[in-house]
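If you want the building blocks of each chain, they are given just below.
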Amino acid sequence: MSEFHQAAHKLLVIPGPIEFSDPVLLANATPGTAHTSPAFIPIFGATLSMLREILLSTKESGSQPILIAGSGTMGWDAVGVNLVERGDEVVVLNTGYFGDSFADCLEAYGAKVTQVKAEVGGVPTDQAIIDALASHPKIITITHVDTSTGVLSPAGHISQLVKKHSPDTLIVLDAVCSVASEEIKFDEWGLDMVISATQKGLGVPPGLSVVLASKRAVETVEKRKTPVQGYYISWNKWIPIMKNYEAGKPSYFATPPVQLVYALHTSLKAITSAPISDRVEDHKAASKYVKDSLAELGLDFVPKSRDIAANGMTAVRFPKGLQASDVLPKLAERDIVVAAGLHKAIVTEYFRIGHMGVTAVNRERGDLEKVINGIKEVLGKA
Ligand SMILES: *Cc1c(COP(=O)(O)O)cnc(C)c1O
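Under an unreviewed UniProt entry, the protein chain has the name alanine--glyoxylate transaminase and belongs to Kwoniella shandongensis. Its UniProt record gives the protein chain the following Sequence similarities (unreviewed entry) comment, quoted word for word: "Belongs to the class-V pyridoxal-phosphate-dependent aminotransferase family." UniProt, in the comment section headed Cofactor (unreviewed entry), describes the protein chain in these words: "pyridoxal 5'-phosphate".

Structural data, given as structure tokens:
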């Protein structure tokens, strides 16, 4: 298999799924392996431990990684099923499409949701957040990077506000589009749940729901007054299994996607071979290159300022008079796949470029230059 080469394909630079490394794809081709085999158990265990490591959490803190077959969205359901009881108050900080959907999901579980909506391209003001905390909601959710706007919320700062104004409120970070591309300090910020998926910054094919829960979040489930209203994503079912895998013991509740866990293990091995802060810096450098190059072409961005713009993706406005159908097919002809707009209010006005994982970190690939040159050609500015 040393002669492995990926099939020729267009460069995938959307905000997830992203380009995958050869070793990750090879690991995904691991032959049939029992989920309880002595070969697999330490792989799963190490994968769980490495998740804690990249989120800057320690085992001593009591945080619990949970890996289940599913996608990022399933992390929202995990909040609804495990942490929410009917009538519980939840504040959703909304910086785009994914805030709306998260709120919708939690309402399906009976949560009383208050949304604090930012204007398009902005983040909620401190005062609006403080006002929403006055009723001491059970949970507050933050979309770390809203993939529809490319807005990066100041999650560390918001966590400080919560600790000051409503310390008992559980802090849930939707980090589907920020794990392994943006700074996340789970223990230091006092987060209670980080929700992610494999196909974005982690650089692994889609199919795993990635969660880290704090001791306090786990205890919240234990203290519920009403039974957990779910089965497959009940933490009561999964946490003992995760603990067993991390302790090197076979365990079964439902079959994990063995090959995907091998792939995630391979990616995390590469990611943890250097401090996670280095990887975040690489994403910042990639982002700066992309955003500076687009600004030189006279293009504007959806986020209102650079300090609230994501480092793993860019939401950039079309020049006046152009729209997706004028630009995206021409980029595709040049083997470059970017994403159209997603936020309803501005959907025709912008497009999205992903620069996460190998595209951002392995700059010798030349992915970013290819994207920028392609855009220059298509806009007639080459
Ligand atoms: C992609 C994304 C999701 C949804 O993840 P899926 O894996 O598509 O289910 C949720 N939240 C954010 C911020 C995302 O970027």
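Moving on, there is more to tell.
Summing up its helical and strand segments, the protein chain has 14 helices and 14 strands in all. Relative to its length of 382 residues, the protein chain is compact, with a C-alpha radius of gyration of 21 Å against a globular reference of 21 Å. Referenced to the eigenvectors of the C-alpha coordinate spread, the extents of the protein chain come out at roughly 60 × 55 × 35 Å. Here the analysis covers contacts within the protein chain between residues at least 6 apart in sequence; of these, 71% occur between residues at least 24 apart. Summing over all exposed atoms, the protein chain offers an accessible surface of approximately 15,600 Å²; the carbon and sulfur share of this is 54%. Side chains of the protein chain give 37 positive and 41 negative charges; the mean places of these two sets differ by 3 Å.

Every one of the 14 residues lining the ligand counts as a neighbour, but Ser 71, Thr 73, Thr 147, Gln 199 and Lys 200 are closest to it. Considered on its own, the ligand offers 380 Å² of accessible surface; in the complex 87% of this is hidden by protein.

A word on the nonpolar core. One finds Val 79, Leu 83 and Trp 235 to be the most contacted residues of the largest nonpolar core, which totals 89 residues. Leaving out residues up to four positions away in the same chain, Val 79 has contacts with Val 84, Phe 102, Leu 106, Ile 139, Val 172, Met 193 and Ile 195. In terms of nonpolar packing, the next biggest core, distinct from the first, is built from 23 residues, Leu 11, Ala 286, Leu 368 and Val 371 among them.

Right, let's talk about the pairing of strand 8 (residues 170–174) for a bit. Regular strands show a simple pattern: their side chains alternate between the two faces of the sheet. Buried residues dominate strand 8, accounting for 5 of its 5 residues. Neither face of strand 8 is exposed, since Leu 170, Val 172 and Asp 174 on one face and Ile 171 and Leu 173 on the opposite face are all buried. Where strand 8 meets strand 9 (residues 193–197), 3 bridges bridge the pair, whose relative direction is parallel. Each bridged residue has a counterpart across the sheet, and for Asp 174 the counterpart in strand 9 is Ile 195.

Conventions adopted
Residues numbered from 1 in each chain as written. Predicted model: local features only at pLDDT ≥ 70, side-chain atom pairs only at ≥ 80, totals over all residues. Heavy atoms only, no water. UniProt positions renumbered as here; feature names shortened; annotations may be inferred. Helix = DSSP H or I, 4+ residues; strand = E, 2+ residues; numbered from the N terminus. Rg over C-alpha atoms; globule rule 2.2 N^0.38 Å. Contact = heavy atoms within 4.5 Å. Areas by Shrake-Rupley, 256 points an atom, 1.4 Å probe, with all protein chains shown as cover. Lys, Arg positive; Asp, Glu negative; His and termini not counted. Charge placed at Lys NZ, Arg CZ, Asp CG, Glu CD. Near = heavy atom within 4 Å. Core = buried A, V, L, I, M, F, W, Y, C linked by side-chain atoms within 4.5 Å. Buried < 20%, exposed > 50% of the residue type's maximum accessible area, 1.4 Å probe, protein only. Pairing = 2+ DSSP bridges.

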